[in-house]
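Each chain, letter by letter, is given below.
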Amino acid sequence: MARDDIPAERIHDVHGGESSAGRYVLYWMQQAQRADFNHALELAVRRANERRLPVVVGFALDAGFPEANLRHFTFMTEGLRGTAQTLERRGIHFVLRAGVPEAVIPELAREAALLVMDRGYLRLQRQWRQAVADAVACPVVEVESDVVVPVEVASEREELAARTLRPKIRRNLERFLRPVATPPVAESAKSGAPAGLDPAAPKALLRGLRINRSVGPAPGWEGGAAAARQRLRAFVRHGLDRYAEGRNEPADNIASGLSPYLHFGQISPVEVALAVRERRSEAPDAVQAFLDELVVRRELSMNFVWHNPRYDQYEGVPAWARETLERHRGDPREATYTEEELAQGRTADPYWNAAQRQMVAGGKMHGYMRMYWGKRLIEWHRHPADAFRIALRLNNMYELDGRDANAFAGVAWCFGKHDQPWPEHPVFGKVRCMKPSGLERKFDMPRYLAANP
DNA sequence: ATCGGCTCGCGCAA
DNA sequence: TGCGCGAAGCCGAT
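These numbers were taken from a predicted model, which means no experiment stands behind them.

**Student:** How would you sum up the pattern of salt bridges? Please name residues and give values.
**Tutor:** With the rule as written, the count across this model stands at 37 salt bridges. R129 is the salt-bridge partner of D118, the closest N and O atoms lying 2.9 Å from each other. Placement of the pair is D118 in strand β5 (residues 112-118) and R129 in helix α4 (residues 123-135), with a sequence separation of 11 residues. Each member of the pair D118 and R129 is classed as buried.

**Student:** Quick rundown of the protein's contact with DNA strand C? Include the residues and the values.
**Tutor:** Near DNA strand C lie 24 residues; those nearest to it are N248, W422, R432, R441 and K442. Here DNA strand C approaches the protein such that, of its atoms within 4 Å, sugar and phosphate make up 48%. In the model, a phosphate oxygen of DNA strand C is placed 3.2 Å from a nitrogen or oxygen of the R166 side chain. At 3.0 Å, a side-chain N or O of R297 approaches a base nitrogen of DNA strand C. Those elements that provide at least two residues to the surface near DNA strand C are α6 (162-176), α11 (284-307), α15 (367-379) and α18 (436-442). Looking at the surface near DNA strand C residue by residue, the class counts come to 10 nonpolar, five polar and nine charged.

**Student:** If you had to explain unusual backbone geometry to someone new, which residues and values would you point to?
**Tutor:** Residues apart from glycine generally show negative phi values, whereas peptide bonds are mostly found in trans. Even without a glycine there, the phi angle at F37 is positive, about 50°. Residue position: F37 is located in the loop between β2 (24-28) and α1 (39-51). Residues other than glycine seldom take positive phi values, yet H418 does so here, at roughly 60°. Looking at the secondary structure, you find H418 in the loop between α17 (405-414) and α18. By relative accessible area, which is 13% here, H418 ends up buried.

**Student:** Residues and numbers for the packing of aromatic side chains, please.
**Tutor:** Tallying each qualifying case throughout the model produces 15 aromatic pairs. With a centroid separation of 5.9 Å and 5° between ring planes, the pair formed by W352 and W373 is classed as stacked. A residue pair is termed long-range when its members are at least 10 positions apart, and W352 in helix α14 (residues 350-362) and W373 in helix α15 qualify at 21 residues. Per residue, the accessibility class of W352 equals that of W373, and both read buried. Taking the centre distance of 4.9 Å and the plane angle of 70° together, the rings of Y368 and F443 count as edge-to-face. Taken together, the positions of Y368 in helix α15 and F443 in the loop between α18 and α19 (445-451) put the pair 75 residues apart, joining distant regions of the chain. We note that Y368, like F443, is buried. Feature note: the residues F75, W221, Y261 and F264 constitute an aromatic cluster, connected by ring pairs. Positioned above the aromatic ring of W221 is the side chain of R231, whose terminal nitrogen or guanidinium carbon lies 3.9 Å from the ring centre. Against the face of W413 rests K375, its NZ or CZ located 4.8 Å from the ring centre.

**Student:** Give me the nonpolar core: which residues, what numbers.
**Tutor:** Counting residues in each nonpolar core, the largest one holds 78 residues, and the members touching the most others are Y27, V57, F94, V116, V276 and F290. At nine residues, α11 tops the list of elements feeding residues into this core. A domain-level breakdown of this core finds at least three residues from each of domain 1 (1-145) and domain 2 (147-179 + 225-307). When sequence neighbours within four positions are dropped, the list of residues in contact with F290 reads F235, L240, Y243, S256, V272 and V276. Membership of the second largest hydrophobic core comes to 56 residues, among which are L325, Y337, Y351 and C414.

**Student:** Report on the domain arrangement of chain A, specifying residues and quantitative values.
**Tutor:** In terms of domain boundaries, chain A breaks down into domain 1 (1-145), domain 2 (147-179 + 225-307) and domain 3 (314-451). With centres defined by C-alpha atoms, the gap from domain 1 to domain 3 works out at 37 Å. Taken together, the contacts link eight residues of domain 1 with 14 residues of domain 3. Counting the surface lost from both domain 1 and domain 3, the interface buries some 870 Å², and carbon and sulfur atoms represent 51% of this. Area buried by domain 1 at its contact with domain 3 is led by E67, R71 and L122, which between them contribute 62% of it.

**Student:** Which residues make up the protein's contact with DNA strand B, and what values do they have?
**Tutor:** Around DNA strand B, a shell composed of R157, L160, R163, T164, Q420, P421, P423 and K430 is seen. Among atoms of DNA strand B positioned within 4 Å of the protein, sugar and phosphate together represent 64%. Between a base oxygen of DNA strand B and a main-chain N or O atom of P421, the distance comes to 2.5 Å. At 2.8 Å, a side-chain N or O of K430 approaches a phosphate oxygen of DNA strand B. Classifying every residue of the surface near DNA strand B by side-chain character gives three nonpolar, two polar and three charged.

Conventions adopted
Residues numbered from 1 in each chain as written. Chains lettered and ligands numbered in written order. Predicted model: local features only at pLDDT ≥ 70, side-chain atom pairs only at ≥ 80, totals over all residues. Heavy atoms only, no water. Salt bridge = Lys/Arg side-chain N within 4 Å of Asp/Glu carboxyl O. Helix = DSSP H or I, 4+ residues; strand = E, 2+ residues; numbered from the N terminus. Buried < 20%, exposed > 50% of the residue type's maximum accessible area, 1.4 Å probe, protein only. Near = heavy atom within 4 Å. Polar contact = N/O pair within 3.5 Å; in protein donor to acceptor, adjacent residues only side chain to side chain. Nonpolar A, V, L, I, M, F, W, Y, C, P; charged D, E, K, R; others polar. Phe/Tyr/Trp six-rings, centres within 6.5 Å; stacked < 30°, edge-to-face > 60°. Lys NZ or Arg CZ within 6 Å of the ring centre and 35° of its normal. Core = buried A, V, L, I, M, F, W, Y, C linked by side-chain atoms within 4.5 Å. Domains from an automatic or database assignment. Contact = heavy atoms within 4.5 Å. Buried area = accessible area lost by both parts, 1.4 Å probe.

Structural data, given as structure tokens:
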């Protein structure tokens, strides 16, 4: 009964249920789409071993997931293929079914002694979990495995900025920054386990589903834990040394490139943080800077979407920012563009166009350019709420890591969230502005343009 | 090239 | 109550 390696603060008993009879322990995999460093999976294994029952992992593939398209589904199902293989090798059966979780999971849970689910912070993920928990008779446990420090442990309130969350994360970091043990599975899944779709061939799988195909797969990005780990190793060995000083240079791609994998839960932030921390004596500044982004700022985004029900609307940004933006609504705009012109990167700003094209073609925009890109949209719209809506829509359509808590916090930041007031400028008011001249002053922009034709 | 000022609200010291 | 300081700013002065 070695449970102590899964901190109690990661585990929430949702309800006790009616009976504990059943043929297996069901783990509904949703946010943590991986077989390693997965606290929810490992809790399911421990509880199944106690009961001498096998573990079944169920996944509901919702073809109608809001704003998801072929780009996202390709990356996600590539990941599920590897996850299924790793689970089956460990004697855990993986069941993939098409449909919304509210329909798929209660069906699978009818024969379960216990339902374990992982945790998600976005509105839809919370609604899903509520609906699933309400619909199943067996006991239900929710296990957090998407952040290093569980959101409520870090802070009970909506934090103002990174600086107010940072000390709260730091004092809890050591406690949660540890690997989780992987005990052998006592009862392997046998024949008679529930049937599902074949995850081994993602392309064939997606051909059979009615998904939005308006955006194609992102070249150069292969989904899955193996690809994620390869990137992590390369970053720890070669990228980290230049990270502290070079990560903002748009023409270089010094970042880890892990955000799509983190978004789909294909790699654990705990695994990433532990691997990067190995090098803290050789590259202390880079390790510090990276962990600040991976843990403090990423988990600030979770804090934002968890505590602010308007995280995906203009109304979610602070009052001082909205007031100052409103006051400047009458300021002349240098240009306005249709959504199509924006999507195609056909504005008068070559840097913005290059950033847009980088995102459309490659599925990921450089981190610094994401800020500039969002700031410029404010300048090109009569009302900041329109800019907010379009920024989110474009981001979520083309970014592999779109629709992430970080996507919502990142867009909101451009409008003043998690930031402070600055001297007044036209259109922006006291919200921090960013101008093309700033890019030219600091970075090698001709090289960025050449890299994103 | 580098530096201070701009502006708001929190967290801490007093 | 006062003071320092912050997710990547700009601008003008030196």
